[in-house]
Amino acid sequence: MIQCPACLENNSIGTNNCQICGYSLLEFYTDNDIKKDKNTGGFSPHHLKPNTFLLNGSYQILETLGEGGFGITYKGIYLTSNVTVAIKELWPEKSARVDNNVIWSFNTSPKEKQLQIHKFKLEANNQKKCTHTNIPKIYDCFEENNTAYIVMEFIEGKSLSKILKDDGILSENRVKKYFIQVAETLKVVHQNNFLHRDIKPENIIINNQDNPILIDFGATKEFIDGMTSTMSTTLTQGYAAYEQYSTKGKRFAATDIYALCASMYELLTGKLPIEAPERIKLIYQKKQSDPLISLRQLRPEISSLMENIILIGMRINVEERFQTAEELIKALQGNFLSPFHKKAQDFVNQNNLIEAIKAYQNCLQNEPNNDRAMVELALVQIHINPQEAEITAHQAIKLNPSDGRIYGVLGLIACRQANWQKAVSDLQKASQLASQQSWIKSNLAWGLGKLGKYQEAEKVINEALSLDSNCTFSLGVKAWILAQQGQWKATIPPATQAIFKCKQSNSNKSKQVQEWIYPILILALKQAVITKNAQDVVRKIDDFCQQISNSGYSWGLKGWYFAKENKLNEGMNYLQKAISCADFPHWILINQGIIYEKLNQRDNAINCYSQYEQKFNDNYLVYYRLGMLFALQNQWTKAQNYLEKAVQSNNKLPELYHNLAWVLLSQKKLDNDQIKSIDIINNYRQAIKLYSEQNSLYSTVLKKQLQVIGLKS
């Protein structure tokens, strides 16, 4: 006899459950006490017997397949169509069976009984919502025999836990093949706002087609990613993430990712991972590193990539794991991207470059050998701090010198510095190593154009557009290259396409591109169209001002156009509007000065040129105009100073030497003893030399004038 520890009733040997209270007595049997049932191969007194019929004879029990914590699974047949099915029966804790009826424990209240039946039927409902080839189909769910049943697709095969036990550890490729499919299955589960909560090798059956089938949705619960909710602590130790041990807490898809990676860990090493709470205890209480043994320590032939994927999927902190099944799938397929890296890329996609830089730096702190993240950091830093970008690029070269994008970064930095020789050298190397990167080719074309190598530049920009025909920058560069060669009609289509695509985007970046493409298009239209189509130019200028109304460039261009058409007052009004903009181009002040000169307002012209001199870099034209204006006012010393500055800024223009010599001569005539004749002669000689190189008649005219005034050329 065996005494029940719950109610102290004596039960005969061979009774699996107490005949009074239903308490399980199996744990009290010795090996000699145990008797196998010949029909089922398992312990069967509380199992339904073969040939038992359910639901008015619709289903017939064939044999018992197995028993879990709260259910017994049978192989059965649906008699109407003769289809083999799996039938899962709710088997409450400490229950017993009389004939076919389940006798619930006296400790289970009617309310608790109904709750358990409801949860069991909910399992069927949840699984039914998750339609996928790797999830068994649900056919039926009903109550009978004082319990409930789920009828589902029968899967012929072996669980991964059985395969591990029978055949030993699995190969990496085999595990990868199975778990890419399991992760695809998990995507459907999560898309339906469910967590499986009990992923483990035992719950993954490999069918006869060698495909994994995810089973046992008994622990499945609805969730919203990142939201706090109450859940039971149903779990299997070793596979369960730390947050799963709490009944209250935020729920994440990454909880299932942990279990999936823990399953891969076991199948590859033969070792069940240390439980998450124990890891926490050793990390924080004993202040040691994570005690989870790396896979390659247990099995050196495992690839570092596979080890990395699994260890990241099993991180204690949820935020540091893969956040979705899709991220894990990409990693298993070879496109590995850690959560740290993904977070940085997300900030880039949101155009939050400051936070992106911080995220990349955090990523590299945790993954110092992540050369891909380092290159991407350099690409972001270009927009914020080019000096740091250059440092990062050189560090990236040490990690992976064959990544062409690194040299692309260095080339782009050289472009920004107007160091065109270095830019072209770096970008050519980048283009060789990363031939499919259109941005590298478009910047290379830009650099070649700046060096005057227009034919080569045109060839490269066409290659860039063959890779990405919608790139507005590439279209703009092509228009610029053609304009530089005076191919005005050919310039119009790419410039028009670039502006059209920019308008569709309407981002700040697209507005910046429009700001330099519109002038190219307007100039091309002005040079290419015949008189009756001249209004096209005006329309494009108006369009430019409308699209980028806060741009000094657009209003300045409109002012320049009206001034060229000799509508000086209108032109001046638009130039004034351009100057009122925050960042207006330097040439606005020069154009204002020229208009004031045409209006014979010399003092205003001098004021415009003087403002330019104070705000911007040296410009020979500004010095030249100031020199001539002061000369017209007989302020010869000031005129001389500015014309000498003009000559220093540009020593190739004969007009500068010609007028400087005239100013010196005018002072000499006023008996200015400081002016030496040799200085006058030297400037005239240089002017004559430069006029001659240009085949200008001024060289002959100037020689005759010198003879008249008694100076030899």
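Residues numbered from 1 in each chain as written. Predicted model: local features only at pLDDT ≥ 70, side-chain atom pairs only at ≥ 80, totals over all residues. Heavy atoms only, no water.

Caption draft 1: Structural detail: the overall build of the chain. Within the chain one finds 29 helices and 17 strands. Burial statistics for the chain: of 713 residues in total, 49% are counted as buried. Sequence separation of 24 or more characterises 51% of the internal contacts of the chain that already satisfy a separation of 6 or more. Of the roughly 36100 Å² of accessible surface on the chain, a fraction of 47% belongs to carbon and sulfur atoms. (Helix = DSSP H or I, 4+ residues; strand = E, 2+ residues; numbered from the N terminus. Buried < 20%, exposed > 50% of the residue type's maximum accessible area, 1.4 Å probe, protein only. Contact = heavy atoms within 4.5 Å. Areas by Shrake-Rupley, 256 points an atom, 1.4 Å probe, with all protein chains shown as cover.)

Caption draft 2: Here's a closer look at the pairing of strand S5 (residues 71-78). With six of eight residues buried, S5 lies mostly within the body of the structure. Note that strand S4 (residues 59-67) and S5 share seven bridges and pair antiparallel. Looking at S5, one finds that Gln60 is bridged to Ile77. Examined bridge by bridge, S5 and strand S6 (residues 83-90) share eight bridges and lie antiparallel to one another. Paired with Thr73 across the bridge in S6 is Lys88. (Pairing = 2+ DSSP bridges.)

Caption draft 3: Inspection of the sheet that holds strand S14 (residues 212-214) at higher detail. Ordered in space as S11-S13-S14, the three strands form an open sheet in which the pairing is antiparallel. Two strands in the sheet have a free side with no partner beyond their single neighbour: strand S11 (157-159) and S14. Taken pair by pair, the neighbouring strands of this sheet meet at an average axis angle of 30°, ignoring direction. Against the sheet, helix H2 (residues 160-167) engages S11 and strand S13 (204-207), with an angle of about 85° to S11. (Axes fitted to C-alpha atoms, helices over the stretch in contact; angles between N-to-C directions.)

Caption draft 4: Structural view of the pattern of salt bridges. On inspection of all chains with the given rule, the structure shows 29 salt bridges. The residue Lys121 makes a salt bridge to Glu143 at a minimum N-O spacing of 3.2 Å. Here Lys121, found in helix H1 (residues 110-129), pairs with Glu143, found in strand S9 (residues 138-144); they are 22 residues apart in sequence, far enough to count as distant. Classification of Lys121 by relative accessible area gives partly exposed; the value is 33%. (Salt bridge = Lys/Arg side-chain N within 4 Å of Asp/Glu carboxyl O.)

Caption draft 5: A look at the packing of aromatic side chains. Applying the stated criterion across every chain yields a total of 18 aromatic pairs. A ring pair is formed by Phe630 and Tyr642, whose centres lie 5.8 Å apart and whose planes are at 10°; its orientation type is stacked. Pair noted here: Phe630 is in helix H25 (residues 620-632) and Tyr642 is in helix H26 (residues 636-649), with a separation of 12 residues, a long-range link. Of the two residues, Phe630 and Tyr642, both sit in the buried class. Through successive ring pairs, a cluster of aromatic residues spans Tyr59, Tyr78, Phe142 and Tyr149. Directly above the ring of Trp555 sits Lys577, whose terminal nitrogen or CZ lies 3.9 Å from the centroid. (Phe/Tyr/Trp six-rings, centres within 6.5 Å; stacked < 30°, edge-to-face > 60°. Lys NZ or Arg CZ within 6 Å of the ring centre and 35° of its normal.)

Caption draft 6: Highlighting the nonpolar core. Judged by nonpolar contacts, the single largest core of 121 residues is most densely connected at Ile481, Tyr609, Leu626 and Tyr684. No other element matches helix H19 (residues 508-528), which puts nine residues into this core. Core analysis: the next-biggest nonpolar cluster, separate from the first, contains 51 residues, Ile204, Ile206, Ala331 and Leu332 among them. (Core = buried A, V, L, I, M, F, W, Y, C linked by side-chain atoms within 4.5 Å.)

Caption draft 7: A look at the packing of H25 against helix H27 (residues 654-669). The contact between H25 and H27 brings their axes to 11 Å, and the two run at 25°. When the interaxial angle is binned, H25 and H27 end up roughly parallel. In the crossing of H25 with H27, the sense of the turn from one axis to the other is left-handed. Each of Tyr620, Tyr624, Met628 and Ala631 in H25 lies in contact with H27, whose residues at this interface are Glu655, Leu656, Asn659, Trp662 and Val663. Of the residues contributing to the contact of H25 with H27, the split by class is seven nonpolar, one polar and one charged. (Parallel < 35°, antiparallel > 145°, perpendicular 65-115°, else oblique. Left-handed = near helix turned anticlockwise from the far one by under 90°. Nonpolar A, V, L, I, M, F, W, Y, C, P; charged D, E, K, R; others polar.)

Caption draft 8: Here's a closer look at unusual backbone geometry. Although it is not a glycine, Arg197 adopts a positive phi angle of roughly 70°. Its place among the elements puts Arg197 in the loop between strand S12 (194-195) and S13. Residue classification places Arg197 among the buried residues on the basis of a relative accessible area of 5%. Even without being a glycine, Asp210 presents a positive backbone phi close to 60°. One can find Asp210 in the loop between S13 and S14.

Caption draft 9: Highlighting helix H21 (residues 552-564). Relative to the 18 Å expected for 13 residues at 1.5 Å per residue, H21 spans 18 Å between its end C-alpha atoms, a close match to the ideal helical length. Every buried residue of H21 is accounted for by Gly552, Ser554, Trp555, Gly556, Leu557, Lys558, Gly559, Tyr561, Phe562 and Ala563. Where H21 is buried, its residues touch H19, helix H20 (535-547), helix H22 (568-579) and helix H23 (587-598). In the segment just after H21, Asn566 is the residue with positive phi, at about 65°. (Expected span 1.5 Å × (residues − 1).)

Caption draft 10: Examining the side chain of His196 more closely. Positionally, His196 belongs in the loop between S12 and S13. A polar atom in the side chain of His196 sits 3.0 Å from the backbone oxygen of Ile215. (Polar contact = N/O pair within 3.5 Å; in protein donor to acceptor, adjacent residues only side chain to side chain.)

Caption draft 11: Local environment of the state of the cysteines. Scanning the entire structure with this criterion turns up zero disulfides. Of all cysteine sulfurs, the one in Cys502 lies closest to Cys471, which takes part in no disulfide; the gap is 9.4 Å. Cys471 gets classed as buried once you look at its relative accessible area, which sits at 18%. Given a relative accessible area of 1%, Cys502 falls into the buried group. (Disulfide = S-S within 2.5 Å.)

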